[in-house]
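# Coordinate inspection notes
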Amino acid sequence: MCGIVGAVAHRNVTPILLEGLRRLEYRGYDSAGIAVIAADGSLERVRRPGKLRELEAALESALVEGETGIAHTRWATHGVPSERNAHPHVCRERVAVVHNGIIENHEALRRQLQQKGYEFLSETDTEVVVNQIHDFLEQGFPLLEAVRATVGILEGAYAIGVVSTCEPGRLIAARKGSPLVVGLGESENFVASDVFALVGETQRFVFLEEGDLVELTTESVRVYGKDGGRVERPVHETRLAPDSVERGEYRHYMQKEIHEQPVAVEKTLSGRIHQGKVLSAAFGERAEAAFEHVRAVQIVACGTSYHAGKVARYWFEALAGLPCSVEVASEFRYRRQVVQPGTLFVTISQSGETADTLAALKAAKELGYAHTLAICNVPESSIVRESDSCLMTRAGPEIGVASTKAFTTQLTALLLLVLALGRRHALAAEQEAKIVRELETLPAQIRHVLQLEDEIAAWAELFGEKHHALYLGRGAQYPVAMEGALKLKEISYIHAEAYPAGELKHGPLALIDNEMPVVAVAPNNELLEKLKSNLQEVQARGGELYVFADAEAPIENVPGVRILRVAETDEVVAPIVYSVPLQLLAYHVALIKGTDVDQPRNLAKSVTVE
Ligand code: AGP
């Protein structure tokens, strides 16, 4: 999704802005641009479609230097990816704006501004913002007031950064519905979409709240709240080191993140389980008090995080005896709800900034849920700040667009929640102790699966020419199959669908032929025999089967069936363990297809617009 960086300093800010954009690349984008106020007071701008290297190449031959500037990576919403539509947008060489979000009333504003003689040079919604600010400047407003007046008439979501030749040395930014942080330096200050962009410059951050407006100079940062008055926002020190988002020895961030899973899971468990129990302190006092009254669970999330919720539903109902519903956030937020008393509302989000999940959370707070709990990977995120309590996954920064370690740590955190709630309901102490023991060995089990990488890479060779794939699972492995299919789709661009294996004969079997690889997740559980019958249905129709099975599973290597043995795994944690080979399969297929693994086409890491 669009990334914003801005800086005001006593040095040339162009390298700071470019480094910030480089660190924001992971969010996904299709064009990039920069604008600075040059020493002679003029506004210098360069924009390019495509990757950041295109912009950097263009900057080699253009003198773009100045002490105040803004920059942007654009993920197209309104208007195709092109230089014309790339940010910063400039009005009459006087004002430049970068924007992340969607201005919903842009058509009405555009008409009004056209009547005043403003010309529109792009197809974007953002151009109304820059022209509107210019219009207020023309009316004699200082820059801060011109921006304040403009955001006052905007509808929709925005994080914006604004500079103007009228007031060089001043950077104005504002947020509503899209993330924005302020980085505090020594006689220099910054704004950005997230802290990653700025960790090369500072460790000190202010997280802006909804409706905040901020004015930055080299010597001051003034924040104004949504009622217009000055407000103080706390300063946070981040623990993120500048190199914590480096790729190291790995070919891609995704590969690195797949291999980080044992440690990420270990960290997520650390200090939260002890002597066969989940510690109450893991969730905080407020959540513990609320848990006493929980009678049902409603989970809301998107994409991979939604799949984690789907797995957890099996756990909540089977282990804790609690009714659990799971819904994608974009549906939940626009549907009329019947809220049962005592329902815990759980959001799951890696980024904590997903617009649909955040909106669903806000809606839930109006609807009378007993308590809102976020399972999230980013402590300073909007979803964490808006929730009554949170359980942080400790996956560390996830840069690859395809979520991997976020998923397995979300599942780990969800299992802790299931245990914490379950012991108040159907879960016996011995059962809790047994699952805690399994959790303790989980990092080792994942390490074991990672050793299968070469064999999985050899399987991947057989997917290179395929156009479609089916993924099958039963029970809690069905959402694991969904997640495996999502991984393959998003990074290899092979169309993949997941089905609960029992559904095959109700339609998808018609698709099976020898061009259709069928991937099955088949741990040794009570559903294995049923799954085997489903696999025979595929085999009988010439389908190619790729089966991930337990070492001891009674399933045979016969022509048309390839089996990869995963070490014997307990049924409860099996969905976490079996997610890993599916990630590796997708990764190696993408390598064969030669796609942009970490930044697949059309996708964004953090989906901050609807
Ligand atoms: C999965 O690989 C994707 N990155 C995507 O589905 C993602 O899980 C979804 O956009 C939700 O993001 P969140 O966890 O940051 O809320």
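Worth saying up front: this structure is predicted, and the values here are computed from it rather than measured.

Turning to the site of the ligand, a few remarks are in order. If you check the shell around the ligand, you find 14 residues, and the closest are Ser305, Ser349, Gln350, Thr354 and Glu490. Thr304 has a polar backbone atom sitting 3.1 Å from an oxygen atom of the ligand. Within the complex, 92% of the 410 Å² of free accessible area of the ligand lies under protein. For the shell around the ligand, the secondary structure elements donating two or more residues are α9 (303–320) and α16 (477–492).

Quick look at the sheet that holds strand β6 (residues 95–103) now. Reading across from one edge, β5-β6-β7-β8-β12-β13-β14 is the order of the 7 strands in this open sheet, with antiparallel pairing throughout. Here the strands that pair on one side only, and so sit at the sheet edges, are β5 (89–91) and β14 (230–231). Each of β5, β6 and β7 (156–164) is contacted by helix α4 (residues 127–138), which is oriented at about 135° to β6, the strand it contacts most. In the packing of helix α5 (residues 143–153) onto the sheet, the strands contacted are β7, β8 (171–176), β12 (213–216) and β13 (221–224), and the crossing angle to β7 comes to about 160°.

Between His87 and Pro88 the backbone carries a cis peptide bond, its omega angle lying at -5°. Locating Pro88 in the fold gives a position in the loop between β4 (68–74) and β5. Positive phi values are uncommon outside glycine, yet Glu93 reaches one of about 60°. Position of Glu93 relative to the elements: it lies in the loop between β5 and β6. Classification of Glu93 by relative accessible area gives exposed; the value is 56%.

Next up on the list: the sheet that holds strand β2 (residues 31–37). Ordered in space as β3-β2-β4-β1-β10-β9-β11-β15, the 8 strands form an open sheet in which the pairing is antiparallel. Because the sheet does not close on itself, it has two edges, and the strands there are β3 (43–49) and β15 (235–237). Going from strand to strand, the sheet's axes swing by 20° on average, the running direction of each strand aside. Here β2 pairs with β3 via 7 bridges, running antiparallel. The partner of Ala32 across the bridge, within β3, is Arg48. Running at roughly 140° to β3, helix α2 (residues 52–60) makes contact with β2 and β3 of the sheet.

Moving on, we get to α4. In this model α4 runs 17 Å from its N-terminal to its C-terminal C-alpha over 12 residues, within 8% of the 16 Å that 1.5 Å per residue would give. Counting buried residues in α4 gives 11 out of 12 residues, a clear majority hidden from the surface. Turning to α4, its buried residues number three or more, namely Glu127, Val128, Val129, Val130, Asn131, Gln132, Ile133, His134, Asp135, Phe136 and Leu137. In this fold, the buried residues of α4 make contact with β5, β6, α3 (106–115), α5 and β7.

Another point: the environment of Thr408. Position of Thr408 among the secondary structure elements: in helix α13 (residues 405–422). Excluding anything up to four places from it in sequence, Thr408 contacts Gln261, Val265, Ile576, Ser579, Val580 and Gln583. Reaching out from Thr408, the side chain makes a polar contact with the side chain of Gln261 at a distance of 2.7 Å. Here Lys405 takes part through its backbone oxygen, which lies 3.4 Å from a polar atom of the side chain of Thr408.

With that out of the way, let us pick up the nonpolar core. Counting residues in each nonpolar core, the largest one holds 90 residues, and the members touching the most others are Phe283, Trp315, Phe316, Tyr471 and Leu585. At 12 residues, the largest contribution of residues to this core is made by helix α18 (residues 574–593). If we skip the residues at most four places from it in the chain, Phe283 touches Val278, Glu288, Phe291, Ser389, Cys390, Leu391, Leu416, Leu417 and Ala420. Val13, Ala32, Val36 and Phe190 belong to the second-largest nonpolar core, a separate cluster that totals 35 residues.

All right, on to the UniProt feature "domain: Glutamine amidotransferase type-2" (unreviewed entry) in the protein chain then. UniProt records the feature "domain: Glutamine amidotransferase type-2" (unreviewed entry) for residues 2–219 in the present numbering. Helix makes up 24% of residues 2–219 and strand 32%, with an end-to-end C-alpha separation of 28 Å.

Before going further, it helps to spend a moment on the packing of helix α1 (residues 14–24) against α2. Direction vectors running N to C along α1 and α2 enclose 165°, while the axes themselves pass 11 Å from each other. With respect to their mutual orientation, α1 and α2 come out roughly antiparallel. For the crossing formed where α1 meets α2, the hand is left-handed. Residues Leu18, Leu21 and Arg22 of α1 pack against Leu52, Leu55, Glu56 and Leu59 of α2. The residue makeup of the contact of α1 with α2, split by class, is 5 nonpolar, no polar and 2 charged.

This part takes up the pattern of salt bridges. A full pass over the atoms with the stated rule returns 35 salt bridges. Among the salt bridges present, the one from Glu167 reaches Arg170, with a minimum N-O distance of 2.8 Å. One salt bridge in this structure joins Arg233 and Asp212, with 2.8 Å as the shortest N-O distance. With Arg233 in the loop between β14 and β15 and Asp212 in the loop between β11 (204–207) and β12, this residue pair connects regions lying 21 residues apart in the sequence. Grouping residues by exposure puts Arg233 and Asp212 together as buried. Put simply, Glu167, Arg170, Glu215 and Arg222 are held in one network by salt bridges that share partners.

Right, let's get into helix α17 (residues 528–539). Helix length check: α17, at 12 residues, gives a terminal C-alpha distance of 16 Å against a target of 16 Å (1.5 Å per residue), a fit within 8%. For α17, the full list of buried residues reads Leu528, Leu531, Lys532, Asn534, Leu535, Glu537 and Val538. Check the buried side of α17 and you find it contacts β23 (468–473), β25 (517–522) and β26 (544–550).

Let us look at the packing of helix α7 (residues 261–269) against helix α14 (residues 429–450). Viewed as axis vectors pointing N to C, α7 and α14 meet at an angle of 170°, and their least axial separation amounts to 8 Å. Between α7 and α14, the angle is such that the two are roughly antiparallel. Contacts between α7 and α14 involve Gln261, Pro262, Val263, Val265, Glu266 and Leu269 on the former and, on the latter, Leu439, Leu442, Pro443, Ile446, Arg447 and Leu450.

Counting buried positions along β6 yields 9 of 9 residues, so the element is predominantly enclosed. What sits between the antiparallel neighbours β5 and β6 is a turn of 3 residues, in which Arg92 has the positive phi angle 45°.

Moving on, we get to the packing of aromatic side chains. Tallied over the entire structure, the rule returns 9 aromatic pairs. With centroids separated by 5.2 Å and ring planes inclined at 70°, the aromatic side chains of Phe283 and Phe291 adopt a geometry described as edge-to-face. Residue class for Phe283 comes out buried when judged on its relative accessible area of 3%. A ring pair is formed by Trp459 and Tyr546, whose centres lie 5.2 Å apart and whose planes are at 75°; its orientation type is edge-to-face.

Criteria and cut-off values
- Residues numbered from 1 in each chain as written.
- Predicted model: local features only at pLDDT ≥ 70, side-chain atom pairs only at ≥ 80, totals over all residues.
- Heavy atoms only, no water.
- Near = heavy atom within 4 Å.
- Polar contact = N/O pair within 3.5 Å; in protein donor to acceptor, adjacent residues only side chain to side chain.
- Areas by Shrake-Rupley, 256 points an atom, 1.4 Å probe, with all protein chains shown as cover.
- Helix = DSSP H or I, 4+ residues; strand = E, 2+ residues; numbered from the N terminus.
- Pairing = 2+ DSSP bridges.
- Contact = heavy atoms within 4.5 Å.
- Axes fitted to C-alpha atoms, helices over the stretch in contact; angles between N-to-C directions.
- Buried < 20%, exposed > 50% of the residue type's maximum accessible area, 1.4 Å probe, protein only.
- Expected span 1.5 Å × (residues − 1).
- Core = buried A, V, L, I, M, F, W, Y, C linked by side-chain atoms within 4.5 Å.
- UniProt positions renumbered as here; feature names shortened; annotations may be inferred.
- Parallel < 35°, antiparallel > 145°, perpendicular 65-115°, else oblique.
- Left-handed = near helix turned anticlockwise from the far one by under 90°.
- Nonpolar A, V, L, I, M, F, W, Y, C, P; charged D, E, K, R; others polar.
- Salt bridge = Lys/Arg side-chain N within 4 Å of Asp/Glu carboxyl O.
- Phe/Tyr/Trp six-rings, centres within 6.5 Å; stacked < 30°, edge-to-face > 60°.

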